[in-house]
Amino acid sequence: MTNHSTNHSGNHHLDHQPHHHPLSQPPDHLQSGSFQSNTLSSGQSHPKHIILTSHQHRGGATVVPIQWGAIDPYQRGPIIGSLRSLKHRNVIGTHAGSYGLYRALAVASGVLDPTHKADLTDTAPIIPIGPHPSWGDPDKIVSLDPFGAMAGEIFTDYSQEDYDILPTIAITKAHINIPEIKDEIEQGRLQVDGEILKADASLVVTKAAIDPVWYLPGIAKRLHIDEWTLRRTLFQQTGGMFPDLVTRPDLHVFLPPIGGTTVYIIGDVQAIADPNRPLAVRVHDECNGSDVFGSDICTCRPYLVHGIEVCIQTAQAGGAGIIIYCRKEGRALGEVTKFLVYNARKRQEGGDRADAYFLRTECVAGVQDMRFQELMPDVLHWLGVTKIDRLVSMSNLKYNAITNAGIEVVQRVPIPKELIPADASVEIEAKKASGYYSEDDILAAEALAQVKGRRY
Ligand SMILES: [Zn+2]
C-alpha cells in the first residue's frame, strides 16, 4: 500500500492545492511568524528571538521528508524532533512524551545545555525487532515509529551532518523479581527451568520502552475523523500548546506529550512473529494504585501477575509471552479523576455497587473511558504479531481492537476467581455485565445492584 498523501519527493500534494483542503488554510490570526521579546530573553544560551510558529520552508530550508509506511527506512525518513537544530525538525512537538516538559525545566533552570547532543554509543537494541511486513503499511502502525529503535544506527549519515536524530524506542534486558511468582513456584503452579525462570524465582525478560509518535493522517483515519478536525482539536484542547498543528500542514508527524508503552517479552523473541509457535499476550493499562501499591479496589495487579504467569507457561512451551504495559492511568482519565470517582462511588446513595460502577465515572469525567484501544494494536504490529493463542484480558474493547486490526485471537483467558481482591467484585461484575469476556453467567440488574463494595 502506498501513502496517498505524500509523493516520492516527500512534498505533500495538498501544498500544491491550497484551496482544496482546510489544512492549508490555518486561521489568519495564527499565521504570524515570530515576535521579538526582550523580557523572555535572559541568559546567553537562550535565543532572543522567540519562534512563535514556524512555517514551511522558513528561511529557505527544506526539511527531510517523512514518507510514512515506507518499508525502506531511508525512503521513510528519520523522525527529527530534537530542538537542538530547529531548521532540521520535521515533526511537531518534541521527544520523550510528557518528560519533554521536565527537559524544559532543566533548560530553564540552567542545568541542561539545550545544545547537548546525545552520545548514543552502546545504546543500540540488545536484540533486533523487525522489520516486519506491517512496518510497510501506513495504516497498520500510526502511533509509534517502527524504526524508532534503529534510529541511532540507520540514519548515521544524517548524524555526520549534525542532524540530531534520537531513538523513540529502546530495547534492553532485565531480570525481574515479583513476589507472587515466587509464591506460584512454591505452590507448584510454575516450574523453574533455569533459563526463563531462574531457581531464585527471577524472571529473565527482554523489555522495550516506546515513546508515542503519531502520524496524524493515520490517527485521524483510525478514529474516523478528518485530519484537520484532529489537528485543530489537539491544538485547542491542549490550550494552544502546539501551534504547528494548525500552521504547519506540511508536517504530519506529532510527538505528543503523553505517556508511552513498555513491552516485556518472556521467552524467545523469534517466536513472537511465528504463527506456528504459541504466543500469550496481556495488554495492561497502568493502574498505579493496584500495580505498585496493591490497592484492593480493582483486579489490576492480580490480573497482571496472572498474565505474567500465562506468559511464562507459554514461553516454557516453546513460544513467547508479551506484557504490553500502557501508561493510560485510570482509563486514560488520569489518577485525580480516578480518585474522585472512587469517592463518588463509595459515598453515593446505596453505597458502592456494580450497577452504578460506570455511571459514577461518567458523572465525573463525561465519558467512561478515553483509552482509545483502537490505537493499541500498533505495538503488536510493531512486534510482528499475527496470531495470539492466549489473550489474557476480558476487555471487549481490547479484543475488538486487536481482532479488527487483523490479528487472530485463539483463546481469551479471564482472571481466575480466586485472584479477585476483596473490594474488586463491584468492578469485575460491572465489567462482565457491560460485555467483558467471562466464562460465567453475567448478573441480572437486580443481582448486580447487590454486589457491593466497602464503604469509606
Ligand atoms: Zn486498577
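What counts and what doesn't
- Residues numbered from 1 in each chain as written.
- Predicted model: local features only at pLDDT ≥ 70, side-chain atom pairs only at ≥ 80, totals over all residues.
- Heavy atoms only, no water.
- Pairing = 2+ DSSP bridges.
- Helix = DSSP H or I, 4+ residues; strand = E, 2+ residues; numbered from the N terminus.
- Donors = N, O, S within 2.8 Å, 3.2 Å for Na, K, Ca; no water.
- Buried < 20%, exposed > 50% of the residue type's maximum accessible area, 1.4 Å probe, protein only.
- Core = buried A, V, L, I, M, F, W, Y, C linked by side-chain atoms within 4.5 Å.
- Contact = heavy atoms within 4.5 Å.
- Arc of directions from axis to C-beta.
- Patch = residues over 30% accessible without salt bridge, like charges linked within 9 Å, V, L, I, M, F, W, Y side chains within 5 Å.
- Areas by Shrake-Rupley, 256 points an atom, 1.4 Å probe, with all protein chains shown as cover.
- Salt bridge = Lys/Arg side-chain N within 4 Å of Asp/Glu carboxyl O.
- pLDDT = per-residue confidence, 0-100.
- Axes fitted to C-alpha atoms, helices over the stretch in contact; angles between N-to-C directions.
- Parallel < 35°, antiparallel > 145°, perpendicular 65-115°, else oblique.
- Left-handed = near helix turned anticlockwise from the far one by under 90°.
- Nonpolar A, V, L, I, M, F, W, Y, C, P; charged D, E, K, R; others polar.
- Phe/Tyr/Trp six-rings, centres within 6.5 Å; stacked < 30°, edge-to-face > 60°.
- Lys NZ or Arg CZ within 6 Å of the ring centre and 35° of its normal.

Strand order in this open sheet of 3 strands is β3-β7-β6, and the pairing throughout is mixed. Lying at the two open borders of the sheet, with one neighbouring strand each, are β3 (92–93) and β6 (214–215). As paired strands, β3 and strand β7 (residues 253–255) are joined by 2 bridges and run parallel to one another. Directly across from I92, in β7, lies its bridge partner F254.

Here we take up the coordination of the zinc ion. Surrounding the zinc ion are the protein donor atoms C287 (SG), C298 (SG) and C300 (SG), at 2.2 Å. You can call C298 buried: its relative accessible area is 4%.

This part covers the nonpolar core. Core analysis: the biggest nonpolar cluster contains 36 residues, and I324, L380, W382 and L383 have the highest contact counts within it. Counting residues per element, the ones that place at least two in this core are β4 (169–176), β5 (203–210), β8 (261–267), β9 (279–285), β10 (320–326), α14 (377–383), β11 (387–391) and α15 (396–404). Residues in contact with L383, not counting those within four places in the same chain, are I129, H132, V263, I265, I272, A273, I322 and I324.

Let us now look at the side chain of E329. Position of E329 relative to the elements: it lies in helix α11 (residues 329–332). In this structure, E329 is in contact with E286, C287, N288, G334, E335 and K338, ignoring residues within four places of it in sequence.

Inspection of helix α13 (residues 357–365) places Y357, F358, R360 and T361 among the buried residues, and these make up the whole buried set. Take α13 and look down its axis: the buried residues cluster within an arc of 160°, on one side only. Packed against the buried residues of α13 are α11, α12 (335–347) and α16 (425–433). With its phi angle positive at about 90°, G366 sits one or two positions after the end of α13.

On the surface, Y99, Y102 and L105 cluster together into a nonpolar patch covering about 410 Å² of accessible area. Topologically, L105 is positioned in helix α2 (residues 100–108). The exposure class of L105 is exposed, given its relative accessible area of 54%.

Of all residues in the protein, 87% have pLDDT values of 70 or greater, and the mean over the chain is 88. Throughout residues 1–46 the model reports pLDDT below 50, and contacts reaching past four residues in sequence, or to other chains, amount to 73 contacts.

Right, let's get into the pattern of salt bridges. Under the definition given, this model contains 26 salt bridges. Here D285 and R371 are joined by a salt bridge, their closest N and O atoms 2.9 Å apart. You can see D285 sitting in strand β9 and its partner R371 sitting in the loop between α13 and α14, a full 86 residues away along the chain. For R371, a relative accessible area of 9% translates into the label buried. Taken together, the shared-partner salt bridges in this structure form one network comprising D296, R345, K346, D352, D423 and R454.

Below, the discussion takes up the sheet that holds β10. Within the open sheet, the 7 strands sit side by side as β4-β5-β8-β10-β9-β11-β12. Their pairing is mixed. Looking along the sheet, the strands with just one partner apiece sit at the ends: β4 and β12 (408–412). Put simply, the sheet's adjacent strands are angled 25° from each other on average, direction ignored. Here β5 pairs with β8 via 6 bridges, running antiparallel. Directly across from K207, in β8, lies its bridge partner Y264. Lying on the sheet, α15 is in contact with β9, β11 and β12; it crosses β12 at an angle near 150°.

A word on the packing of helix α5 (residues 179–186) against helix α10 (residues 300–316). In the contact formed by α5 and α10, the axes pass within 10 Å of each other and the chain directions differ by 55°. Relative to α10, the element α5 lies oblique. Where α5 crosses over α10, the handedness of that crossing is right-handed. Within the contact between the two elements, α5 uses P179, E180, I181 and E184 and α10 uses R301, V305, I308, E309 and I312. When its residues are assigned to classes, the contact of α5 with α10 shows 5 nonpolar, no polar and 4 charged.

Following the criterion strictly, the structure yields 11 aromatic pairs and no others. Ring geometry for Y74 versus Y158: centroids 6.0 Å apart, planes at 15°, classification stacked. In this pair, Y74 is assigned in helix α1 (residues 73–76) and Y158 in helix α4 (residues 156–160), connecting sequence segments 84 residues apart. Here Y74 falls in the partly exposed class, since its relative accessible area comes to 35%. An aromatic cluster is built from Y74, F155, Y158 and Y163, whose rings are joined through pairwise contacts. Stacked on the ring of Y303, the Lys or Arg R282 has its end atom at 4.2 Å from the ring centre. Geometry around Y399 places R412 over its ring, the cationic atom sitting 3.8 Å from the centre.

It is worth spelling out unusual backbone geometry at this point. Across the junction of G130 and P131, the peptide omega takes the value 0°, indicating a cis bond. At R331, a position not held by glycine, the phi torsion is positive, near 55°. The topology assignment puts R331 in helix α11. Of note, A332 is a non-glycine position whose phi angle comes to about 65°, a positive value. Along the polypeptide, A332 turns up in helix α11. What makes A332 partly exposed here is its relative accessible area of 29%.

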